[in-house]
Amino acid sequence: MHNLLHNLNPEQLAAVTLPAQSALILAGAGSGKTRVLTTRIAWLIQTGQVSPAGVLAVTFTNKAAKEMMTRLSAMLPINTRGMWIGTFHGLCNRLLRTHYRDAALPQTFQILDSQDQLSVVKRLLKANNIDDEKYPPKTVVYFINNAKDQGLRADKVEAYDPIERKMVELYQLYDDQCQREGVVDFAELLLRTFELLSRNQPLREHYQQRFKHILVDEFQDTNNLQYNWLKLMAGHGERHGGVLFAVGDDDQSIYAFRGANVGNMSAFEREFQVQNLIKLEQNYRSHGHILDCANQLIANNSKRLGKNLRTDAGHGEPVRIYEASSDLAEAQWIIEESKSLIAEGASRSEIAVLYRSNAQSRVIEHALFSAGIPYHVYGGLRYFQRAEVKHAIAYLQLMDNPHNDSAFLRVVNFPTRGIGLRSIEALQAAADQYGISLYAAVPYVAGKAGSSLGNFVKLVEGARFETQQMPLPELVRVVLEASGLLTHYQTEKEGADRIENLEQMVSAASQFVSEEGFGQAAPAHLGPQAQAQAGAAIVNEDGIEIIDADAALPTVMSPLSAFLSHASLEAGDNQATVGQEAVQMMTVHSAKGLEFNNVFITGLEEGLFPHESSSREEGGVEEERRLMYVAITRARQRLYMCFAQTRMLHGQTRYNMKSRFFDELPEESLKWLSPKVQSHWSATSRKSAWDEAPLVGSDNAIAQKLAQKSVSTGAGWRIGESVAHGKFGEGVIVNLEGSGSNARAQINFGSHGMKVLDLSIAKLDRLGR
DNA sequence: AAAGGCTCATTTTTT
DNA sequence: ATGAGCCTTT
């Protein structure tokens, strides 16, 4: 036991060893949050306060869940595989698989990913002749998900205008359609579980009594449904209840746009009468200057629970700030600095380039590529989302649940087998008429179309029959062949990568089977204890028989069903080159939870970061500031920030002011690097027309304009330059016109708007550094 | 059924 | 500027 608690600081120790009461742990960035969470679980188990089966640990991402299990395994000699550690969605899936009957779902229900959900809605709009201009599918999806996240079914949503009434109607139709198909979307997993346990008292009490300790990670990211789900599980306001241990950081709440409600933290404190609030403020990650920046910046937010990070490490290097003349120059600077970091011995994977929006990555990628520096861009399509993989999955889905219309439509004519639009329309009509799935409607379609469709059905049935006794990886291999997918891509000229991805699915299946313990004869792979339990009914104190989820899971789910859930719930990696020794590029959002020795925060300009759309939303700028806080706290040793005077965005040149966040940082922790002014005007190493234009002339109209203007005014003002005006404050010169005494400047004063000032009259100060 | 042309939007993302 | 989705053409 002493081993476990060894090396914990006083706050961490207090959090880990709290009594069995609800607690809120305010865990600052880099304060050892995951360590506290996992050590708490280990300590509870080791001291005999709870058995591994009595722990429920909830995370948002599979990655976090996996990490928790790995760390826990290292601390205790237990098998964490059977433990209830997972994402909200993964845990709900587990519960619904077991209690599918009570949840009114087919045993082989399948999970729609966002793409599939959108396609269901599009189909629905078409089938009901609804104008998709007036009701854009994306908006409808948003409406539905939003309602579900609030815990509301269609009959409970209040509509205030005809549009909303129609939306509610569509919501109902959508749910009906999903029910017919035997599919559930992500939000449905949670809502269905919530409703199941709300209405089924014995079941609810069973789990409430079972889960003595519930632990939640990233609590600030919970939405209302998730919070209510946790309340239900913890038996809040009920006789049977576990203890809720919530860990989060309100300063790192950056997902309001997808329904996260930071207010859940204070709600939890109030509703659970939390006596144990512990702040983890000791930071083990960043040097002093970096933390000072983070602290001073976030102090500008009004709604905070309050927290200040401290470190024992020294000040370290000051934060270096660079004002680039253009986005290209910004990228070039990042290259130069990265090169010297690498020359000093920094590993490339310890350099991260962060940006507010994905569009910014392009220029930087280009510069890194030209410089021959390997890089890796986060984001993009994940493995299970790639078209060819989704096609293969669709065949598997049809074998397991033929009523999944999305899967049916995806592959009924892929590879092409002469089933065109007309056949599908006829089939859809029959399906609508009888209220059945497309697959089930096939026998009702006569003629040639009927026979092609019939052949497709035979193909699926045949594959199902043929693979009945096969281990999962072999099954996948057979389906890849039988579906014609492999042959199809073999004949295609650009198909090599796709074939490779398809082949990879066989190994993904092998890996899944061995890692998740879903061998063909499932119970044999479990430990003796689980085998004894498997399928056994548990009688609770009310004398009601309940099949507990972990006893029943392997018997209730075929390896195929399990693999399909896995494909939906864990979309896989996004690139072939994982873990390469490469510079890491990502949005600030995806950097959350990561840390690097060297971090660049780029594009720190008004309109970009903070993003312009944030000023329109209530609390938007505060969320942007938290985002900036997350960005800063990713850095261990060196932090770089930069911005550009001119930037290409959406095909237009923009002149942004530097970000307001610079004004919120402690000057003594910063080192402003004077821009190499001539680099913008005379750089010859760069091929860009933009940079070369003033020297050699070019057909780049904007560059020419720029060059002429800067000469014609003679006053020395330059487009992109920052200035200060007595009345309007700081601004950026966007354009220059006229010359001599007629010289005027068009200046963007941010919140004071765009002004055209006469340069011979207006008093302007240069703001260059 | 594939290829080429047009319009349109374009913050952030996991499950 | 760029790419995705949709529509037209071959």
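Above this text sits the structure in question.
About the thresholds
- Residues numbered from 1 in each chain as written.
- Chains lettered and ligands numbered in written order.
- Predicted model: local features only at pLDDT ≥ 70, side-chain atom pairs only at ≥ 80, totals over all residues.
- Heavy atoms only, no water.
- Helix = DSSP H or I, 4+ residues; strand = E, 2+ residues; numbered from the N terminus.
- Buried < 20%, exposed > 50% of the residue type's maximum accessible area, 1.4 Å probe, protein only.
- Contact = heavy atoms within 4.5 Å.
- Areas by Shrake-Rupley, 256 points an atom, 1.4 Å probe, with all protein chains shown as cover.
- Pairing = 2+ DSSP bridges.
- Axes fitted to C-alpha atoms, helices over the stretch in contact; angles between N-to-C directions.
- Near = heavy atom within 4 Å.
- Polar contact = N/O pair within 3.5 Å; in protein donor to acceptor, adjacent residues only side chain to side chain.
- Nonpolar A, V, L, I, M, F, W, Y, C, P; charged D, E, K, R; others polar.
- Patch = residues over 30% accessible without salt bridge, like charges linked within 9 Å, V, L, I, M, F, W, Y side chains within 5 Å.
- Salt bridge = Lys/Arg side-chain N within 4 Å of Asp/Glu carboxyl O.
- Lys, Arg positive; Asp, Glu negative; His and termini not counted.
- Charge placed at Lys NZ, Arg CZ, Asp CG, Glu CD.
- Parallel < 35°, antiparallel > 145°, perpendicular 65-115°, else oblique.
- Left-handed = near helix turned anticlockwise from the far one by under 90°.

> How do you make sense of the overall build of chain A when you look at a structure like this?
The secondary structure content of chain A amounts to 31 helices and 23 strands. Taking all 769 residues of chain A together, 54% fall into the buried category. Of the contacts made within chain A by residues no fewer than 6 positions apart, 74% connect residues no fewer than 24 positions apart. For chain A, the accessible surface area stands at approximately 33400 Å², while carbon and sulfur atoms represent 50% of it.

> Got a minute to help me understand the sheet that holds strand β3 (residues 84–87) in this structure?
Two modes of strand pairing occur in sheets, parallel and antiparallel, and in both the strands are linked by backbone hydrogen bonds. Strand order in the open sheet made by the six strands is β3-β2-β6-β7-β1-β8, with parallel pairing throughout. Each end of this open sheet is capped by a strand with a single partner; those strands are β3 and β8 (276–280). The sheet shows a mean angle of 15° between the axes of neighbouring strands, direction not considered. Both strand β2 (residues 55–59) and strand β6 (residues 213–216) contribute to a ladder of four bridges, which runs parallel. Bridging from a neighbouring strand, A57 pairs with L215 of β6. Seen against the sheet, helix α4 (residues 62–75) touches β2 and β3 and runs at an angle of roughly 155° to β3. Against the sheet, helix α5 (residues 88–98) touches β2, β3 and β6, its axis set at about 120° to β3.

> Is there a simple way to explain the protein's contact with DNA strand C in this structure?
Close to DNA strand C lie K122, R362, H650 and G651, which account for all nearby residues. Across the atoms of DNA strand C situated within 4 Å of the protein, the share located in sugar and phosphate is 47%. At a separation of 2.6 Å, a phosphate oxygen of DNA strand C approaches a polar side-chain atom of R362. Residues belonging to the surface near DNA strand C are distributed by class as follows: no nonpolar, two polar and two charged.

> I would appreciate a short explanation of the environment of R626 in the present structure.
The residue R626 is located in helix α28 (residues 620–632) in this model. The exposure class assigned to R626 is buried, which follows from its relative accessible area of 10%. Within polar-contact distance, the side chain of R626 engages the backbone oxygen of S253 at 2.7 Å.

> Looking at this model, I keep getting lost on the protein's contact with DNA strand B. Mind explaining?
Contacts to DNA strand B come from 25 residues, most closely from N62, R356, N358, T587 and E617. Of all DNA strand B atoms lying within 4 Å of any protein atom, the proportion belonging to sugar or phosphate reaches 55%. In this structure, S114 approaches DNA strand B through a side-chain N or O atom, which is 2.9 Å from a base oxygen. Take T587: an N or O atom from its side chain is 2.7 Å from a phosphate oxygen of DNA strand B. Partitioned by chemical class, the residues of the surface near DNA strand B number five nonpolar, 15 polar and five charged.

> What is the right way to look at a negative patch on the surface in this model?
Judged by side-chain charge, E492, E494, D497 and E500 come together as a negatively charged surface patch. Checked against the element boundaries, E492 lands in the loop between α22 (485–491) and α23 (496–516).

> Would you explain the sheet that holds strand β22 (residues 754–758) in this entry?
Strand order in the open sheet made by the five strands is β22-β21-β20-β19-β23, with antiparallel pairing throughout. Looking along the sheet, the strands with just one partner apiece sit at the ends: β22 and β23 (764–766). Averaged over neighbouring strand pairs, the angle between their axes works out to 45° when direction is ignored. Sheet topology places strand β21 (residues 744–748) next to β22; five bridges connect them, and they run antiparallel. Residue pairing across strands places R744 opposite D758, the latter belonging to β22.

> I tried to follow the side chain of N501 on my own but got confused; where do I start?
Its location among the elements puts N501 in helix α23. On the basis of relative accessibility, which here comes to 11%, the residue N501 falls in the buried class. Excluding residues that lie within four positions of it along the chain, N501 makes contacts with Y383, R386, E388 and V389.

> What am I meant to see in the packing of helix α16 (residues 387–400) against helix α21 (residues 472–482) here?
Two numbers describe a pair of packed helices, the interaxial angle and the distance between the axes. At a minimum axis separation of 10 Å, α16 and α21 run at an interaxial angle of 110°. Considered as vectors, α16 and α21 are oriented roughly perpendicular to each other. As α16 packs across α21, the resulting crossing turns out to be right-handed. In contact with A392, Y395, L396 and M399 of α16, α21 contributes L475, V476, V479 and L480. Grouping the constituent residues of the contact of α16 with α21 by class yields eight nonpolar, no polar and no charged.

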